[in-house]
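What the coordinates show
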Amino acid sequence: MKTSSLASVLFAGALFGFGLSYSSMIKPEVVLSFLRFEDFGLLWVLGAASFVTFLTYQLIPRVMGRPLLESVFSEHTSKMNRETLGGAAIFGIGWGICGVCPGPAIAGLGAANWPLAMTLAAIFAGAYVQGRVMGGSGEGQ
Amino acid sequence: MLLIDTLFPLGITHYLVGGLLIGFAVSFLFVVTGLVGGMSTFFTATLSYVSDWSYFNQEEFVTSRNWRLAYAAGLVIGAAVWLFTLGESFQTSVSWWQLALGGFIVGFGARLSNGCTSGHGICGLASLQLPSLLAVLIFLASAMISATLVKLLGGT
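Residues numbered from 1 in each chain as written. Chains lettered and ligands numbered in written order. Predicted model: local features only at pLDDT ≥ 70, side-chain atom pairs only at ≥ 80, totals over all residues.

1. Side note on the interface of chain B and chain A
Across the contact, 111 residues belong to chain B and 110 residues belong to chain A. The set of elements that each furnish at least two residues to the side of chain B that touches chain A consists of helix H2 (13-33), helix H3 (41-47), helix H5 (65-84), helix H6 (96-113), helix H7 (117-126) and helix H8 (130-152) of chain B. With 20 residues, the single largest contributor to the side of chain B that touches chain A is H2 of chain B. Across the side of chain B that touches chain A, the residue classes break down as 71 nonpolar, 37 polar and three charged. (Contact = placed C-beta atoms within 7 Å. Helix = DSSP H or I, 4+ residues; strand = E, 2+ residues; numbered from the N terminus. Nonpolar A, V, L, I, M, F, W, Y, C, P; charged D, E, K, R; others polar.)

2. Observations regarding the packing of helix H6 (residues 116-134) of chain A against H6 of chain B
Across the interface, H6 of chain A lies against H6 of chain B with an axial gap of 7 Å and an inter-helix angle of 35°. For H6 of chain A against H6 of chain B, the interelement crossing comes out right-handed. The segment H6 of chain A lies against H6 of chain B, with Met118, Thr119, Ala122, Ile123, Phe124, Ala125, Gly126, Ala127, Val129 and Gln130 of chain A engaging Trp96, Leu99, Ala100, Gly102, Gly103, Phe104, Ile105, Val106, Gly107, Phe108, Arg111 and Leu112 of chain B. Residue composition of the contact of H6 of chain A with H6 of chain B, grouped by class: 15 nonpolar, six polar and one charged. (Axes fitted to C-alpha atoms, helices over the stretch in contact; angles between N-to-C directions. Left-handed = near helix turned anticlockwise from the far one by under 90°.)

3. Side note on the packing of helix H1 (residues 3-22) of chain A against helix H5 (residues 102-110) of chain A
Residue and element names in this part refer to chain A. At a closest axis distance of 10 Å, the pairing of H1 and H5 adopts a crossing angle of 90°. As summarised for this structure, H1 and H5 are arranged roughly perpendicular, according to the angle between their axes. Counted together, Gly17, Leu20 and Ser21 of H1 and Gly103, Pro104, Ala107 and Gly110 of H5 form the full contact between these two elements. Looking at side-chain class alone, the contact of H1 with H5 contains three nonpolar, four polar and no charged residues. (Parallel < 35°, antiparallel > 145°, perpendicular 65-115°, else oblique.)

4. So, the confidence of the model for chain A
When the pLDDT values of chain A are averaged, the result is 94; 95% of them are 70 or greater. Below a pLDDT of 50 lies the segment residues 137-141 of chain A, which in the model reaches eight contacts outside its immediate sequence neighbourhood of four places, other chains included. (pLDDT = per-residue confidence, 0-100.)

5. A look at the nonpolar core
In this structure, Val26, Ala79, Val106 and Phe139 of chain B are the most contacted members of the largest nonpolar core, which totals 90 residues. For this core, the element with the most residues is H1 of chain A, which contributes nine residues. (Core = buried A, V, L, I, M, F, W, Y, C linked by C-beta atoms within 7 Å. Buried ≥ 20, exposed ≤ 12 C-beta atoms within 10 Å, placed from the backbone.)

6. A short note on helix H2 (residues 28-35) of chain A
Note on helix geometry: an α-helix contains 3.6 residues per turn, so any two residues three or four positions apart are oriented the same way. When you tally the buried positions in H2 of chain A, you get six out of eight residues, the bulk of the element. All of the buried residues in H2 of chain A are Pro28, Val30, Val31, Leu32, Phe34 and Leu35 of chain A. On the buried face of H2 of chain A, the contacting elements are helix H3 (42-63) and helix H4 (82-98) of chain A together with H8 of chain B. A positive backbone phi angle near 65° is found at Phe37 of chain A, which sits one or two residues after H2 of chain A.

The following block contains the structure:
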């Protein structure tokens with residue numbers, strides 16, 4: 001990938017991290033208060049982000065032939081299977097225990113919310129175990 | 001306005017503005033590079049830097065790991081910019097065992113599901129993917145149950 005594209009990705013990530021922090025989703029207490037029906041604000045965050053992204057994904061490919069710096073628009077594809085749905089159920093159990101999902105775990109470092117570093121390390125460990133369990137042989141393919 | 005105050009005791013402005021900024025970020029990524037970015041794949045893709053286990057070295061992970069690392073670095077920078085401008089330092093008081101145990105299950109489940117709150121939530125819903133919609137409804141439900149149980153068991 002070109003340097004200009006990587007710089008754009010970095011900028012997009014920074015805007016994401018700023019928005020995530022501004023929305024207070026990097027505070028596990030706020031997420032947990034949503035999951036316990038005390039404050040429904042998370043729905044505004046998810047709804048606004050999804051709506052803006054929905055407009056972009058649906059409209060931009062019709063008016064632009066290709067992205068500004070690269071050649072193709074990617075698509076998000078998810079599969080209807082046991083892994084997608086069962087994994088979601090497992091993910092939710094973990095999310096309800098800690099109040100931290102992957103984005104805030106990463107952004108937490110920048111916001112100096114140091115205890116989240118433990119969650120970040122634990123997510124890596126969980127992803128590692130998932131890859132080992134699902135990955136078949138360790139021989140390179 | 002009583003209902004609004006009850007549902008959103010901290011107000012709605014910061015939630016709405018933050019969500020819009022996140023939407024602009026994901027949109028910018030798409031318009032400029034064509035990439036669709038959830039966050040959870042970062043964890044599996046970057047494990048390919050340090051492990052030669054075949055699962056982590058699949059093409060989709062190796063070819064995307066550099067930009068996913070840049071995306072995550074951006075996330076840290078953006079949060080730091082917020083901290084030094086509008087934000088204030090905050091240390092969570094959620095118990096360490098919740099942060100560790102919950103994080104491990106989050107990592108395992110999100111990677112098994114191939115998506116999290118940003119992948120299935122924002123990107124999947126915006127792409128009108130039915131499996132992602134079901135995944136979102138399922139993880140919201142299981143998270144509400146587990147968060148409530150954790151509190152009943154004396155958690156933070």
